[in-house]
Structure formats: structure tokens, C-alpha cells
Amino acid sequence: MEKIIHFETLGCRLNQDETEGAVRSFSKNGFSCHTEAVTSKTLTSEDVIFCVINTCTVTGKAEQKARRIIRLCLEKFPKSIVCVTGCYAELDEAAIKKIDCNHITVIPGTKKFILNDVAFELSKENLFTQNGFVDIKKINEFISEKNTYYNSVQISNLKFSLYTPVFEKHSRASLKIQDGCNNSCTFCRIHFARGKAISLNVEEVLKRVKELELNGKEEVVLTGVNLSQYAGDFSENGKTEKKSFAFLLKYLVENTEKIKFRVSSFYPQCVTDELCEVLKNNRVQPFFHLSIQSGSNSVLKAMARPYTKNHVVDAVKKLNLARPEMFISCDIIAGFPGETENDFNDTVSLCNECNFSWIHVFPFSARPGTSAASFKNQIEEKIKSYRAAVLGKIAVKGKINYINSIVGKCFDAVVENSRALRLRKNIEKDDEVKTYHAVTDNYIHVEFKSKEIFENSRSVRLKIVRTLEENIQTGKEIEALAQIV
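What you see is a predicted model; the values in this text were computed from it and never measured. (Residues numbered from 1 in each chain as written. Predicted model: local features only at pLDDT ≥ 70, side-chain atom pairs only at ≥ 80, totals over all residues. Heavy atoms only, no water.)

Here we take up the overall build of the protein chain. What the protein chain contains, in helices and strands, is 16 helices and 20 strands. Against the globule reference of 23 Å for 485 residues, the protein chain gives a C-alpha radius of gyration of 23 Å, in line with a compact fold. When the backbone C-alpha atoms are referred to their principal axes, the protein chain occupies close to 65 × 65 × 60 Å. Going through the 485 residues of the protein chain one by one, you find that 53% of them count as buried. (Helix = DSSP H or I, 4+ residues; strand = E, 2+ residues; numbered from the N terminus. Rg over C-alpha atoms; globule rule 2.2 N^0.38 Å. Buried < 20%, exposed > 50% of the residue type's maximum accessible area, 1.4 Å probe, protein only.)

Here it is in C-alpha cells:
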């Protein structure tokens, strides 16, 4: 019987990066790893002996989705033990085990690296029943022992041990350089789930980026819970200092050959002149995401966010000066408790003034254990939905305007989910025109045609030829048409 490990990932890019690291660990220990998402149409398999579900807790819907996937894995892989980890597992272990305590084990999100130990122990077959399946009692005891042990030792470096230079599922490499958050925003559970901010030291980040470059990766996404709080150790002339993200990015560019860098998310007040100087480099992708949440100073104060509306405006101006064609996106929460009509209008005004290329809109979701969950003046669902819809229209308009502004311009892109690869067996003529999906360096999803066969992750140079406005308005993936140059 083939012993298969199945992986599911919910939530942020950081979770995706950590799952890829876990996949590498199990692969190195001799297991076959599957990362295709389970669905109701997935065939039942008794070859899957262990499932790893990396969860998110940022919204109630994320937790609801996690429970649905847990139940699907229990149904589709009846001989498997389902191991739940991630932020939801950190905060609600009892609720998760209640789903099926005989087939579910839990690893707290802050000790997700225990998966490395599990992979090694399973490879020695110490945690199996006589029938060759994972024993729930043995694995629960093993995880409990490891959890107790790691409670008594320094684990900061271990939080960066789920690392891989080889990516099974994603065409773009990502690298976790920071974890945790020192803020206590009133709506957020992540600082509970991830703990205080820690950073991977500068030299280790460079070492891992160089390894990615040697493995042929052309781009790496630098990820963390809060990159603005990156403070990595750097030793020089016998002295060790904490260095900022701006220093790190400049150091990486100067000490690598050609790999490109993408910044995942940043606080607006931390967009400094020093950072913008580095962003001008062509090896830093023209894409930047700002974590904003509101355009009202009173709402930002109630959220305990460490910036004001003016910080956002200043950040956008600096970014546009550094890279005039930069794609700038942001997050906005609609209907935070106590948000008045004037507060909402301030947010609308900010979004229009900054002309964001895209806005990720989230209706406020009260999270257990957060201050905002017990705030007075909770907003009715219909008002939250209305405000989210208004912001959604601004987001669509912003993306259409942005892509229209770059029509006729050329960008590097990475081929993804190539239709030609899926149809290769049916291709009889080498000169047959094939359709490809690619993502540009400013993160526009485009479609182009070519007679040449392009592998996934292949870099191409494309010219944007037309905005697909209807696709953007209806939420379809392909946003523009492009052609090879």
C-alpha cells in the first residue's frame, strides 16, 4: 500500500509557505505528498494515511471552511488521521477535536514545526497500528511529548524550520522572514495565535534566497505576519545589530544575481524614504500591498491601529514617486463597530483620493476574544453588506483604471496553470496555437496565445493589449489580454 500524505492550506501566503516546508519534510522522509484540494468530487482513498490541514482564524468564515475541509478529509480518506494545525488550531483545539476525537490530532500553530518531528517518526513506523495505519493514541502522545518539550526550550529559530527551496504547488517561491505581531488591534486574533514578533536573521535570509536562486527560482515573495516589524540580527565588525526591512531588502538585492523580490504587505507609516529608494530597483516587483482597514481616524483609533489617514496618503504618494507604474492594493474593513456614515464616507474619500489598483474588502467579523467583539454600536449586517458593496465597486473601478493605464506597455510575467500542458497529449501539430495564463510582475492575470509550448513557472515578456472589463466586474480570474514581445 502506498503511503500518501495529504495537505490542505487555508489563509495567508505565510501559511502556504509553511505548508510547502512541511511537504518537503514529509517528501524527504519517503512519503508521497498530495496538495490538490479535497472537494466533494474527490474519490475516496484508503492510501492516504495522514492529512495535514493548515488553518486560518482571521474570520469566522475561515474557521467554518476549515471545519468543512476537516469533515471532507475524514469522509474521503477513511483510514487517515487528520492533523489540524495553524492559527485556528492554536486557539480552538477543543472545538476541533470535538468533530471526531478518534481520528483528529492537533498541533498548535505556534509549534507547527513539530510536523518535522512527525514526518521523521512516521518514517520509522513507530506511530502505526499493526494494520499499517497511523495510531491516534500513539500520535497524540508523541505530539503531546514534543509540545511539552518545546515549552521548556527556546524555539524562535524553529519557527523558521518549515522551509523549502523547492515548491510543489506554487510557481512563485515564498520565504518566511518574520512571524508574530507586537500590535494588539482590537479586531484581530492573529497576535493571539502567532505570538510576539520574531525575525529571521539577515544572513540566514540571504542564504535561503541564494538557495532559491540556485534552484532556478526567478522570484521570491518575502512573507511574514507583519513585515513592518521585521528586525533581523546582522553581525558586522564583531557587532550585532537589529536591522529593518528596508536594510534587508537592499542587502538582498546587492548580494544576489538576478532573483526578483516581491513584498507581501506593509503598514503605511513604515513606508520610509529608505524603503522607497530600494523599491526603485527593477529587481523589486512593482507591486505593493498596504494594510489600512479604514480611512477614518476615529475608527483607526478604535481599532488600535498605529497610524492615521495622513500616513496612508503620504505612503501612496511616496510609492507612486518611487515606481509610477506600481500596482498598489490595500485591505479595508467595512462596518467596524461604531463606524458612522461620516466615518464610512472618510474611507470612501480615502480610497478615491489614493486611487488604489485594488481593494480587498472585508465586512467586519467579530472574533471571539477580541475587544471589538464586545464593543457597543455593532453595525447591522445589511449595512455592513451595503458598505462592502460600495467599496467593492470602487475596487473594480480602480483595477480597470489601472490596467487601462498600462495597455500597450510591456511587463515580465510567469506562466501559470497552462492549458497547453493539460492538453499536451492532444496536441498533434507543433505549430498549433495554444492559450496560456500568466501573472505579470505587477500581478495582473493575463491570457496570451503562442505556438510555442511554455512550461509552468516559465518567464515571458508580454505586452498588455486589452483590459477585460467584464471579467473584472464579474470576478473572473483573467483580467487582460496580452501578447508575446
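Tracing the sequence through the fold places isoleucine 96 in helix α4 (residues 93-97). Isoleucine 96 sits 19 residues away from phenylalanine 77 along the chain, and the two C-alpha atoms are 17 Å apart. For isoleucine 96, the residues in contact, after removing those within four places along its chain, are Ile70, Val84, Tyr88, Ala89, Ile104 and Val106. (Contact = heavy atoms within 4.5 Å.)

Moving on, we get to helix α2 (residues 60-76). For α2, spanning 17 residues, the distance from its first C-alpha to its last is 24 Å, which sits close to the expected 24 Å at 1.5 Å a residue. What α2 keeps buried is the set Ala62, Glu63, Ala66, Ile69, Ile70, Leu72, Cys73, Leu74 and Lys76. Elements in contact with the buried residues of α2: β1 (4-9), β3 (48-55), β4 (81-86), α3 (87-91), α4 and β5 (104-106). (Expected span 1.5 Å × (residues − 1).)

Turning next to the pattern of salt bridges. This model, assessed by the stated rule, comprises 28 salt bridges. Residues glutamate 18 and lysine 176 are paired through a salt bridge, measuring 2.7 Å at the closest nitrogen-oxygen approach. Highlighted residues: glutamate 18 in helix α1 (residues 13-28) and lysine 176 in strand β6 (residues 173-176), separated in sequence by 158 residues. Look at glutamate 18 and you get buried, because its relative accessible area is 4%. Residue class for lysine 176 comes out buried when judged on its relative accessible area of 4%. Of the charged contacts in the structure, one is a salt bridge between glutamate 204 and arginine 208, with a shortest N-O distance of 2.9 Å. Here the residue glutamate 204 and the residue arginine 208 both occupy positions in helix α8 (residues 202-214), the gap between them amounting to four residues, near one helical turn. A single network of salt bridges, built from pairs that share partners, joins Glu18, Lys112, Lys176, Asp179 and Arg194. (Salt bridge = Lys/Arg side-chain N within 4 Å of Asp/Glu carboxyl O.)

Looking now at the packing of helix α12 (residues 309-322) against helix α13 (residues 341-354). It is the contact of α12 with α13, at a shortest axis distance of 10 Å, that shows an interaxial angle of 10°. With respect to α13, the element α12 is oriented roughly parallel. For the crossing formed where α12 meets α13, the hand is right-handed. Every residue of α13 that contacts α12 at Lys309, Val312, Val313 and Val316 is listed here: Asp346, Ser349, Leu350, Glu353 and Cys354. Here the contact of α12 with α13 is built from residues that sort into five nonpolar, one polar and three charged. (Axes fitted to C-alpha atoms, helices over the stretch in contact; angles between N-to-C directions. Parallel < 35°, antiparallel > 145°, perpendicular 65-115°, else oblique. Left-handed = near helix turned anticlockwise from the far one by under 90°. Nonpolar A, V, L, I, M, F, W, Y, C, P; charged D, E, K, R; others polar.)

With that settled, the discussion passes to the sheet that holds strand β17 (residues 434-440). What the five strands build is a closed barrel, ordered β16-β17-β18-β20-β19; its pairing is mixed. Direction aside, the axes of adjacent strands within the sheet are offset by 50° on average. Strand direction decides the pairing type here: β17 and strand β18 (residues 445-450), joined by six bridges, are antiparallel. Bridge assignment links alanine 438 to a residue of β18, and that residue is valine 446. (Pairing = 2+ DSSP bridges.)

Here we take up α13. Every α-helix carries 3.6 residues per turn, so stepping three or four residues along brings you back to the same face. In this model, α13 (14 residues) spans 20 Å end to end at C-alpha, consistent with the 20 Å of a helix rising 1.5 Å per residue. For α13, every residue scored as buried is listed here: Asp343, Phe344, Thr347, Val348, Leu350, Cys351 and Cys354. Looking down the long axis of α13, one finds its buried residues gathered within 160° of arc, a one-sided arrangement. Looking at the packing, one finds that the buried side of α13 touches β13 (287-293), α11 (297-303), α12, β14 (327-334), β15 (358-363) and α14 (381-406). (Arc of directions from axis to C-beta.)

Next up on the list: the packing of α1 against helix α5 (residues 114-123). Contact geometry of α1 with α5 gives a least axis separation of 9 Å together with a crossing angle of 20°. Between α1 and α5, the interaxial angle falls into the category roughly parallel. Here α1 and α5 pass one another in a crossing that is right-handed. In contact with Ala22, Ser25 and Phe26 of α1, α5 contributes Leu115, Asn116, Val118, Ala119 and Leu122.

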